[in-house]
Amino acid sequence: MKKLFSLLFISSLTGSLLAQTAPPSTDIHVYELKEKKGKVTLSKGRNITDRAGYDNQPSFFNNDYILYTSSQESGQTDIMIYDLYEDKVKNLTGSRDSEYSPTPIPGFNSFAVVRVEADNSQRLWMYHMDGKGAPQLIFDKIQPVGYFAINEKDVLMFVLGEPVTMVLANMEEVDDDIITSNIGRTIRTIPGTKDFTFERREDNGSWFIYTLNKTTKEFTKVVEKPEGASDWTITGEGTYITSVGSKLLAFNPKHHSEWQEIEDLGAVGAKGITRMAVSQENDKLALVINN
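Caption draft 1: Region of interest: the packing of aromatic side chains. One pass over the structure, following the stated rule, counts eight aromatic pairs. Plain terms: the ring middles of Phe 198 and Tyr 210 are 5.5 Å apart, the flat faces sit at 10° to each other, and that makes the pair stacked. Remark: Tyr 210 occurs in strand 17 (residues 207–212) and Phe 198 occurs in strand 16 (residues 196–201); sequence separation between them is twelve residues. The class for Phe 198 is buried, based on a relative accessible area of 0%. For Tyr 210, a relative accessible area of 5% translates into the label buried. Between Phe 251 and Trp 259, the aromatic rings sit 5.7 Å apart at their centres with planes inclined by 45°, giving tilted as the arrangement. Trp 259 gets classed as buried once you look at its relative accessible area, which sits at 16%. Of the aromatic side chains, those joined through ring pairs into one cluster are Phe 198, Tyr 210 and Phe 219.

Caption draft 2: Molecular detail of the sheet that holds strand 19 (residues 232–234). Taken in spatial order, the four strands line up as 19-20-21-22 in an open sheet, and their pairing is antiparallel. Strands at the two margins of the open sheet, each flanked by one partner only, are strand 19 and strand 22 (260–264). For this sheet, the mean angle separating the axes of adjacent strands, direction not counted, is 25°. As judged from the five bridges shared by strand 20 (residues 240–244) and strand 21 (residues 247–251), these two strands associate in the antiparallel manner.

Caption draft 3: Seen up close, the layout of surface pockets. Reported here for the largest pocket is a volume of approximately 1000 Å³. Lining the largest pocket are 41 residues, and of these Ser 59, Thr 103, Pro 104, Arg 188 and Thr 189 lie nearest its centre. Those elements giving two or more residues to the lining of the largest pocket turn out to be strand 3 (55–61), strand 7 (98–104), strand 11 (145–151), strand 15 (183–189), strand 19 and strand 23 (273–278). Residues belonging to the lining of the largest pocket are distributed by class as follows: 19 nonpolar, 17 polar and five charged.

Caption draft 4: The arrangement of the nonpolar core in detail. Counting residues in each nonpolar core, the largest one holds 18 residues, and the members touching the most others are Leu 124, Phe 139, Ile 142, Phe 148, Val 155 and Met 157. Taken together, the elements giving at least two residues each to this core come down to strand 8 (110–116), strand 9 (122–128), strand 11, strand 12 (154–159) and strand 13 (165–170). Setting aside residues up to four positions removed in sequence, Val 155 forms contacts with Leu 124, Phe 139, Phe 148, Ala 149, Ile 150, Val 167, Leu 168, Ala 169 and Met 171. Membership of the second largest hydrophobic core comes to 16 residues, among which are Ala 149, Leu 156, Phe 158 and Ile 183.

Caption draft 5: Quick peek at unusual backbone geometry. For the peptide bond that leads from Gln 143 to Pro 144, omega is -5°, which places it in the cis range. By the element assignment, Pro 144 lies in the loop between strand 10 (136–137) and strand 11. A cis amide bond links Glu 162 with the next residue in sequence, Pro 163, at an omega value of 0°. You can see Pro 163 is positioned in the loop between strand 12 and strand 13. Despite not being glycine, Lys 37 shows a phi value in the positive range, around 50°. Its place among the elements puts Lys 37 in the loop between strand 1 (26–36) and strand 2 (39–47). The exposure class assigned to Lys 37 is exposed, which follows from its relative accessible area of 61%. The backbone phi angle of Asp 50 is positive, close to 50°, even though this residue is not glycine.

So, how was this worked out
- Residues numbered from 1 in each chain as written.
- Predicted model: local features only at pLDDT ≥ 70, side-chain atom pairs only at ≥ 80, totals over all residues.
- Heavy atoms only, no water.
- Phe/Tyr/Trp six-rings, centres within 6.5 Å; stacked < 30°, edge-to-face > 60°.
- Helix = DSSP H or I, 4+ residues; strand = E, 2+ residues; numbered from the N terminus.
- Buried < 20%, exposed > 50% of the residue type's maximum accessible area, 1.4 Å probe, protein only.
- Pairing = 2+ DSSP bridges.
- Axes fitted to C-alpha atoms, helices over the stretch in contact; angles between N-to-C directions.
- 1 Å grid on protein atoms, 1.4 Å probe; cavity = no way out; pocket = protein on both sides within 12 Å on 5 of 7 lines; lining within 4 Å.
- Points joined across faces, edges and corners; volume = space filled by probe spheres on them.
- Nonpolar A, V, L, I, M, F, W, Y, C, P; charged D, E, K, R; others polar.
- Core = buried A, V, L, I, M, F, W, Y, C linked by side-chain atoms within 4.5 Å.
- Contact = heavy atoms within 4.5 Å.

Next up, the structure:
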């Protein structure tokens, strides 16, 4: 088992990557989603942020709410929650620090974030959805964290460094494992399982999506990412969705031998589609689209 303590000494330049990178102007669009045997159809898309500024990194909470990262006039980022039915938005953090990548913690009325602290440390913190109680540090010594996913009490993390490593840890244990290196920023849980899925760059420069068996720590190739694709997500039926330019593509290992086009968003997605998220009931898709 490999320990992470050496990562504490990664340079502050690398550790403050999130804090120093000027965020682009992006909006979050939400579509109704239907899926049957790997065939995905979308309808009724709407822009739920529709402003100049960085609104990004969406994740669904209880199916009808979206948590996301939003830039503020002060230059920091806070975590917002958007009610899809009442069309209302609320700031959940409002702190002096910047928070990124809000992710609900299963079974709790809370969510985790990457928090950029005063000394530029990037660690995982837990916030309570009702705002009661102080935020709690999840992992003291694991940093600098860039991105992550949570399945039950296990957390799979993208940890900055040379090379970037993928680290698996449990919220109730002190040990952690470095699973592999040279991973990309998209990490997801596989719906209906205890396992994860992630992306990794191969020695020849190509990018593949893998599944990770949480128990055995073994990972298996699923499919090569299309050329020009960036972020992706996975549906409740195990269909991977990604984008190239303005086009959305789908791949389901049970039904497809290659990526299939879902839809071309045309002018709406002309400047690029990046992060994505699927709702818990598999009936909505959130897309981050560049302004």
